[in-house]
Structures are given as C-alpha cells and as structure tokens.
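Residues per chain are reported as follows:
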Amino acid sequence: KVDRHVAAEAFRSNIRQIQSSFDALEEARMPVLVACQGGVIGGAIDMISAADIRWCTEDAFFCIQEINIAMTADVGTFPRLQRLIPEGWVRELAYTGRRLSAEKAREIGLVNEVFASHETMMEHVLSTAREIATKNPLAVTGSKVLINYGRDHSTRDTLDYIGVWNAAMLAPPHMQEAFAARAEKREPEYPDLLKLRDQPM
C-alpha cells in the first residue's frame with residue numbers, strides 16, 4: 001500500500017510538470033500572441049493567461065471550468081489571471097464557473113480587441129506578428145523580460161534591473177542600423193538571437 005503522503009508529494013510534482021508547460025509560454029524569448037474563437041475553457045484559460053497579447057472573435061467566451069467539476073484550478077489560472085483583470089472578476093469567475101463574454105473580456109482587459117470574424121481577427125494578429133518581426137530581436141526579448149520582471153517586482157527593483165540589462169545588452173550598432181534603415185527608407189537588418197542549448201550543462 002502506498003503511503004498517502006508520499007503519493008501526495010508525487011502528485012504535486014506531476015502538477016508542477018504540467019504548470020511548467022504553461023510557464024514555457026510566459027518565458028519564451030519572443031512574444032506569444034493568442035487568437036481565441038469559441039470556448040476558452042479550463043486549461044485554455046491557463047494557456048491564454050500565460051501569453052503576451054490576446055484577441056478574440058465575438059463568439060468567444062471564457063470560463064474557469066474547474067469549479068463546475070468540483071476542483072480548484074491548479075496550473076496557472078489564479079496567479080496569472082489576477083494580474084490581467086480585476087481581482088473581483090477573477091473571484092466571480094472562479095467561484096461560479098460562469099461564462100465571460102467576448103465583449104466583457106475586452107471591457108475588463110483580458111483581450112485587446114474583439115473581431116466580427118475569424119478572418120478579420122487572424123489578419124490583425126498576423127499583421128501584428130509581422131510588425132513585431134521587423135523590430136530588433138534583442139530589444140523585443142528585452143522588453144518582454146523587463147515587462148515580466150516589473151510585474152513581479154517593485155518599481156525600484158525593476159528600474160535597477162533595467163539598468164543592469166541595458167548596461168549589458170544595449171546595442172549601439174543595432175540602434176545605428178535602425179536609424180540608417182529609416183534614413184534610407186529600407187527594412188533594418190538585425191542579428192538573430194542565438195539558439196539556446198537543448199539541455200542545460
């Protein structure tokens with residue numbers, strides 16, 4: 001017979017592995033853009049709340065489904081969602097399992113914009129992705145790192161970290177290329193970020 005306390009520790013470890021799959025979206029070096037259509041339910045809330053920017057179509061709805069099946073959401077809904085929308089809304093959705101409409105999601109800041117159709121939404125999302133792709137990769141990833149850091153730390157600590165970041169990674173040659181490209185009316189050419197090792201050393 002397995003000791004229930006030992007089993008509980010293993011269960012916690014399994015949940016942490018699932019949580020880390022959503023952490024990967026938040027920790028990705030480039031922005032993660034999410035387009036929502038139809039039901040965004042349960043684990044899908046965890047997924048979209050770990051993304052950088054969210055949009056949806058008019059038929060979308062959002063639901064913390066776990067309460068409706070007698071469980072507590074456990075892979076990221078609460079710590080992330082309460083940073084995106086007012087706490088009162090998180091509590092109402094978590095306690096009731098009600099559906100949040102697309103328009104209300106936009107009104108409270110869960111999504112940036114609501115679109116009439118899948119096609120118009122995707123046109124906008126892909127246009128945004130293409131626009132981001134024209135920017136300096138180092139500046140984009142730096143912006144993401146520092147926004148995430150600022151969300152989790154005090155203003156003073158974040159300003160200090162921004163200073164450290166820029167002391168190491170502010171790139172005058174990249175800035176010169178940005179100015180030159182603008183003056184010459186062409187797209188800038190920046191170095192790509194280096195590929196990361198698959199396994200830690």
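Look up a bit, the structure's there.
Each chain carries its own residue numbering, running from 1 in the direction its sequence is written. pLDDT decides what is reported in this predicted model: residues at 70 or higher carry local features, side-chain atom pairs at 80 or more are listed and counted, and totals for whole chains, interfaces and linings draw on all residues regardless. Just so you know, side-chain values use all the structure's heavy atoms and leave hydrogens and water out.

K.L.:
Sorry, what's going on with the sheet that holds strand β4 (residues 61-63) here?
P.N.:
Think of a sheet as strands paired side by side through backbone hydrogen bonds, with each pair either parallel or antiparallel. If you walk across this open sheet you meet the three strands as β2-β4-β5, and the pairing is mixed. In this open sheet, the two strands that pair with only one neighbour each are β2 (39-41) and β5 (99-101). The sheet shows a mean angle of 20° between the axes of neighbouring strands, direction not considered. Pairing of β4 with β5 involves three bridges; the strand directions are antiparallel. Note that in β5 the partner of F61 across the bridge is S101. For two strands to be treated as a pair, DSSP must find at least two bridges joining them. Here a helix means four or more residues in a row that DSSP labels H or I, a strand means two or more in a row labelled E, and each is numbered from the N terminus. In this analysis an axis means a line fitted to C-alpha atoms, helices contributing only their contacting stretch, and an angle means the value between N-to-C directions, from 0 to 180 degrees.

K.L.:
Is there a simple way to explain the pairing of strand β3 (residues 53-57) in this structure?
P.N.:
Within a regular strand, side chains alternate between the sheet's two faces. Residue exposure (1.4 Å probe, protein chains only): buried if accessible area is under 20% of the type maximum, exposed if over 50%, otherwise partly exposed. Of all five residues in β3, four are buried, a share of seventy percent or more. Summarising the sheet, strand β1 (residues 33-36) and β3 pair through four bridges and their orientation is parallel. Its bridge partner lying in β3, C36 is registered against C56.

K.L.:
Any chance you could explain the environment of M47 here in plain terms?
P.N.:
Topologically, M47 is positioned in helix α2 (residues 43-49). Here M47 falls in the partly exposed class, since its relative accessible area comes to 44%. In this structure, the C-alpha to C-alpha distance between M47 and Q37, residues 10 residues apart in sequence, is 14 Å. Contacts are assigned to residue pairs that have any heavy atoms within 4.5 Å of one another. With residues near it in sequence (within four places) discarded, M47 still touches F22 and L25.

K.L.:
Before we go on, may I ask you to explain unusual backbone geometry in this structure?
P.N.:
Positive phi outside glycine occurs at A70, with the angle close to 65°. On the secondary structure map, A70 appears in the loop between β4 and α3 (77-84). For A70, a relative accessible area of 78% gives the class exposed. A positive phi angle, close to 55°, is found at K185, a residue other than glycine. Mapping K185 onto the fold places it in the segment after α9 (172-183).

K.L.:
I tried to follow the nonpolar core on my own but got confused; where do I start?
P.N.:
Where a protein is soluble and globular, its nonpolar side chains tend to be buried together. For the purposes of this section, nonpolar cores are sets of buried Ala, Val, Leu, Ile, Met, Phe, Trp, Tyr and Cys residues that join through side-chain atoms within 4.5 Å. Within the largest apolar cluster, 24 residues are counted, with the highest numbers of intra-cluster contacts made by C56, F62 and L110. Counting residues per element, the ones that place at least two in this core are β1, α2, α4 (87-96) and α5 (102-107). The contact partners of C56, leaving out residues within four places of it in the chain, are C36, F62, A102, V111, E113, V114, F115 and M121.

K.L.:
Whenever I open this one, the packing of aromatic side chains confuses me. Can you help?
P.N.:
Geometry of an aromatic ring pair is reported as the spacing of the ring centres plus the angle between the planes. Centres within 6.5 Å make a pair out of two Phe, Tyr or Trp rings, where for Trp the six-membered ring is used; the pair is then stacked when the planes are under 30 degrees apart, edge-to-face when over 60, and tilted otherwise. Applying the stated rule across the entire model yields one aromatic pair. Here, a charge over a ring is recorded when the distance from Lys NZ or Arg CZ to the ring centre is within 6 Å and its angle to the ring normal is within 35 degrees. In this structure, R99 is placed above the aromatic ring of F61, and the distance from its NZ or CZ to the ring centre is 3.8 Å.

K.L.:
What exactly am I supposed to notice about the sheet that holds β1 here?
P.N.:
Within the open sheet, the three strands sit side by side as β1-β3-β6. Their pairing is parallel. The open sheet has two edge strands, β1 and β6 (114-115), and neither has a second partner. The sheet contacts of helix α6 (residues 118-133) involve β1, β3 and β6, and relative to β1 the element is tilted by about 175°.

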